[in-house]
Amino acid sequence: MAMNILCAGDVVGTPGRLAIADALKTIVPDRNIACAIVNAENVSSGSGITPPLYEKLIKSGVNLMTLGDHIYRRREIIATLETSPQVVRPANLPSTAPGREFAIYETEGGVSVAVFALLGRLFMKPQADCPFKAADRVLAKIPGEVKVIVCDMHAEATSEKIAMGWHLDGRVSIMFGTHTHVSTADERVLPGGTGYITDLGMTGPHEGVLGRDKSRVLQAMVHAIPTRFDVATDDVLTCGIIAEVDPHSGRCLHIERLRWPYHAP
Ligand SMILES: [Fe+2]
Ligand SMILES: [Fe+2]
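Keep in mind it's a predicted model, so treat the numbers as computed, not measured. (Residues numbered from 1 in each chain as written. Chains lettered and ligands numbered in written order. Predicted model: local features only at pLDDT ≥ 70, side-chain atom pairs only at ≥ 80, totals over all residues. Heavy atoms only, no water.)

K.L.:
Which residues make up the nonpolar core, and what values go with them?
P.N.:
Leu-6, Val-38, Ile-49, Leu-57 and Met-65 are the most contacted members of the largest nonpolar core, which totals 30 residues. Mapped onto this core, the elements with two or more residues apiece are β1 (3-8), α1 (13-30), β2 (33-39) and α2 (51-59). Residues in contact with Val-38, not counting those within four places in the same chain, are Ala-8, Val-11, Ile-20, Val-62, Leu-64, Met-65 and Thr-66. Met-3, Val-111, Leu-200 and Ile-255 belong to the second largest nonpolar core, which has 24 residues in total. (Core = buried A, V, L, I, M, F, W, Y, C linked by side-chain atoms within 4.5 Å. Buried < 20%, exposed > 50% of the residue type's maximum accessible area, 1.4 Å probe, protein only. Helix = DSSP H or I, 4+ residues; strand = E, 2+ residues; numbered from the N terminus. Contact = heavy atoms within 4.5 Å.)

K.L.:
Provide a residue-level description of the pattern of salt bridges, including the pertinent values.
P.N.:
With the rule as written, the count across this model stands at 10 salt bridges. The salt bridge involving Glu-76 is made with Arg-74; its shortest N-O contact spans 2.7 Å. Judged by its relative accessible area of 39%, Glu-76 falls in the partly exposed class. Here Glu-101 makes a salt bridge to Arg-137, at a shortest N to O gap of 2.7 Å. Of this pair, Glu-101 sits in the loop between α3 (78-83) and β4 (102-106) while Arg-137 is found in helix α4 (residues 131-141), placing the two residues 36 residues apart along the sequence. One salt-bridge network, in which partners are shared between bridges, spans Glu-101, Arg-137 and Lys-141. (Salt bridge = Lys/Arg side-chain N within 4 Å of Asp/Glu carboxyl O.)

K.L.:
Kindly report on the packing of α4 against helix α5 (residues 158-168), identifying the contributing residues and their values.
P.N.:
Where α4 contacts α5, the two axes come as close as 11 Å, and the packing angle between them is 35°. Like other packed secondary-structure pairs, α4 and α5 cross with a definite hand, here right-handed. On the side of α4, the interface is formed by Pro-131, Phe-132, Ala-135, Asp-136 and Leu-139, while α5 contributes Glu-160, Ala-163, Met-164, His-167 and Leu-168. Tallied by class, residues from the contact of α4 with α5 come to 7 nonpolar, 1 polar and 2 charged. (Axes fitted to C-alpha atoms, helices over the stretch in contact; angles between N-to-C directions. Left-handed = near helix turned anticlockwise from the far one by under 90°. Nonpolar A, V, L, I, M, F, W, Y, C, P; charged D, E, K, R; others polar.)

K.L.:
So what's going on with α5? Which residues, and what values?
P.N.:
Looking only at α5, the buried set comprises Glu-160, Lys-161, Met-164, Gly-165 and Leu-168. Viewed along the axis of α5, the buried residues span an arc of 145°, placing them on a single side of the element. Lining the buried residues of α5 we find β5 (112-119), α4, β6 (148-154), β7 (174-178) and β9 (195-197). Taken from the residues just after α5, Gly-170 is the one with a positive phi, measuring 85°. (Arc of directions from axis to C-beta.)

K.L.:
Tell me what's going on with α2, and back it up with residues and numbers.
P.N.:
All buried positions along α2 are accounted for by Leu-53, Tyr-54 and Leu-57. Considered in projection along α2, the buried side chains sweep an arc of 105° and stay on one side of the axis. Residues of α2 that are exposed and point more than 90 degrees away from the buried face comprise Pro-52 and Lys-59. Elements that come into contact with the buried residues of α2 comprise α1, β3 (64-66) and α3. At the exit of α2 stands Gly-61, carrying a positive phi of roughly 110°.

K.L.:
Kindly report on the environment of Asp-136, identifying the contributing residues and their values.
P.N.:
Note that Asp-136 resides in helix α4. Spatially, the C-alpha atom of Asp-136 lies 21 Å from that of Ile-37, the residues being 99 residues apart in sequence. The residues contacting Asp-136, other than those within four sequence positions of it, are His-167 and Arg-171. Within the structure, the side chain of Asp-136 is placed 2.8 Å from the side chain of Arg-171, a separation counted as a polar contact. (Polar contact = N/O pair within 3.5 Å; in protein donor to acceptor, adjacent residues only side chain to side chain.)

K.L.:
Describe the coordination of the iron ion (ligand 1), listing the residues and the values that go with them.
P.N.:
Protein coordination of the iron ion (ligand 1) is provided by Asp-10 (OD), Glu-41 (OE), Asn-42 (OD1) and His-181 (NE2), with donor distances spanning 2.0 to 2.2 Å. Considering all 4 donor atoms around the iron ion (ligand 1), the spread of angles at the metal, 86 to 169°, places the coordination shape in the irregular class. Of note, the iron ion (ligand 1) draws all its donor residues from one chain, in the sequence arrangement D-x30-E-N-x138-H. A separation of 3.5 Å is found between the iron ion (ligand 1) and the iron ion (ligand 2), both of which receive a donor from Glu-41. Taken as a pair, Glu-41 in the loop between β2 and α2 and His-181 in the loop between β7 and β8 (188-189) lie far apart in primary sequence, 140 residues in all. His-181 carries the same exposure label as Glu-41, and that label is buried. (Donors = N, O, S within 2.8 Å, 3.2 Å for Na, K, Ca; no water. Tetrahedral: all angles 85-135°; square planar, octahedral: opposite > 155°, others 65-115°.)

See below:
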């Protein structure tokens with residue numbers, strides 16, 4: 001029987017964390033979600049993640065977590081990255097960077113789901129190695145009996161994410177992009193059986209600029225006055241996808257976009 005996997009994009013601040021918790025509470029039972037994967041790189045006031053926030057996300061039903069370029073912004077997460085089996089660092093960071101390259105979660109139905117993440121190199125800070133070679137290296141390490149594999153390509157450029165989709169087609173069940181905080185309308189199942197979307201979008205407040213208070217960002221962009229970018233508050237959505245995957249072959253059968261409004265109680 002096919003299984004459903006939910007993937008949600010960059011969780012921004014407290015609004016994003018409350019939104020994903022609320023979305024999972026309803027969607028996991030309603031859609032029989034076997035595994036929930038989120039990118040949590042922005043959960044700590046818009047940048048990074050702390051151990052208590054990590055625990056809160058796990059308690060709210062997140063099964064696997066990816067991060068991105070803000071991974072070490074809050075250094076106290078490093079011990080969690082080194083010990084937790086449910087969170088990964090981008091696999092193409094230097095080999096000495098703290099954290100694991102892939103993680104495997106066993107669903108209640110007994111299906112193993114592996115996740116790994118990559119950083120793009122176009123228009124990004126230059127510390128990452130080639131993501132394509134890193135993907136090949138990680139896929140060679142994931143045990144052969146694990147058929148369901150999910151990749152988060154955390155990158156700025158659509159071209160780099162689309163290229164990675166083709167590179168991984170038939171080798172992973174789902175490849176989703178993150179980092180831009182804007183969801184794309186190109187979800188599809190590639191010919192080799194990989195469910196693909198260029199960007200999941202953001203789980204957080206959309207009445208702002210990529211999750212930040214719009215008046216602050218405008219002050220910086222219009223008047224060139226540097227200012228602190230507080231997390232915005234309104235129009236909070238969970239954005240991502242739900243993918244149906246055959247656990248025996250690992251092939252994605254169907255992918256649909258998710259846009260789930262959150263209304264604070
Ligand atoms: Fe982000
Ligand atoms: Fe990012």
